[in-house]
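Residue-level listing of the chains:
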Amino acid sequence: MNLSVFQLFEVLHFLAENFIFSYMGLALFTFQNHIFSPIFIVGAFLAIFIGRASNIYPLSFLLNLGRRHKIKGNFQHMMMFAGTEQ
């Protein structure tokens, strides 16, 4: 019972992710009035970078308080720059 629910959510996750990326890809090439703003793009990347750093490092510190096997600094940096998708 538990495994089938997990598999159902995995399928729903896969379908939703494919729909979103397909929709975004179609919108990118079919929308006529694109305005690419370099300031907005750089600002978005900075906001993402700051948001990831302000989540990963403090939360790793809090998790390490109660763990026997600590999350090492190298692994925290890897999560920061490479992503945390499993």
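Just so you know, these numbers come straight off a predicted model, no measurement behind them.

Rules of the game
Residues numbered from 1 in each chain as written. Predicted model: local features only at pLDDT ≥ 70, side-chain atom pairs only at ≥ 80, totals over all residues. Heavy atoms only, no water. Domains from an automatic or database assignment. Patch = residues over 30% accessible without salt bridge, like charges linked within 9 Å, V, L, I, M, F, W, Y side chains within 5 Å. Areas by Shrake-Rupley, 256 points an atom, 1.4 Å probe, with all protein chains shown as cover. Salt bridge = Lys/Arg side-chain N within 4 Å of Asp/Glu carboxyl O. Helix = DSSP H or I, 4+ residues; strand = E, 2+ residues; numbered from the N terminus. Buried < 20%, exposed > 50% of the residue type's maximum accessible area, 1.4 Å probe, protein only. Arc of directions from axis to C-beta. Contact = heavy atoms within 4.5 Å.

*Asks:* Explain the domain arrangement of the protein chain to me, using residue names and the numbers behind them.
*Replies:* The domain boundaries assigned to the protein chain delineate domain 1 (1–35) and domain 2 (36–85). Taking only C-alpha atoms, the centre of domain 1 and the centre of domain 2 are 24 Å apart.

*Asks:* An account of a nonpolar patch on the surface is needed here, citing residue identities and associated values.
*Replies:* Where nonpolar side chains cluster on the molecular surface, the patch consists of Val5, Leu8, Phe9, Val11, Leu12, Phe14 and Leu15 and spans about 680 Å² of accessible area. Its location among the elements puts Leu8 in helix α1 (residues 2–30).

*Asks:* Before we move on, can you summarise helix α3 (residues 73–82) with the specific residues and values?
*Replies:* If you check which residues of α3 are buried, you get Gln76, Met79 and Met80. Taken around the axis of α3, the buried residues stretch over an arc of 100°, which confines them to a single face. Of the exposed residues in α3, the ones pointing more than 90 degrees away from its buried face are Asn74, Phe81 and Ala82. On the buried face of α3, the contacting elements are α2 (38–65).

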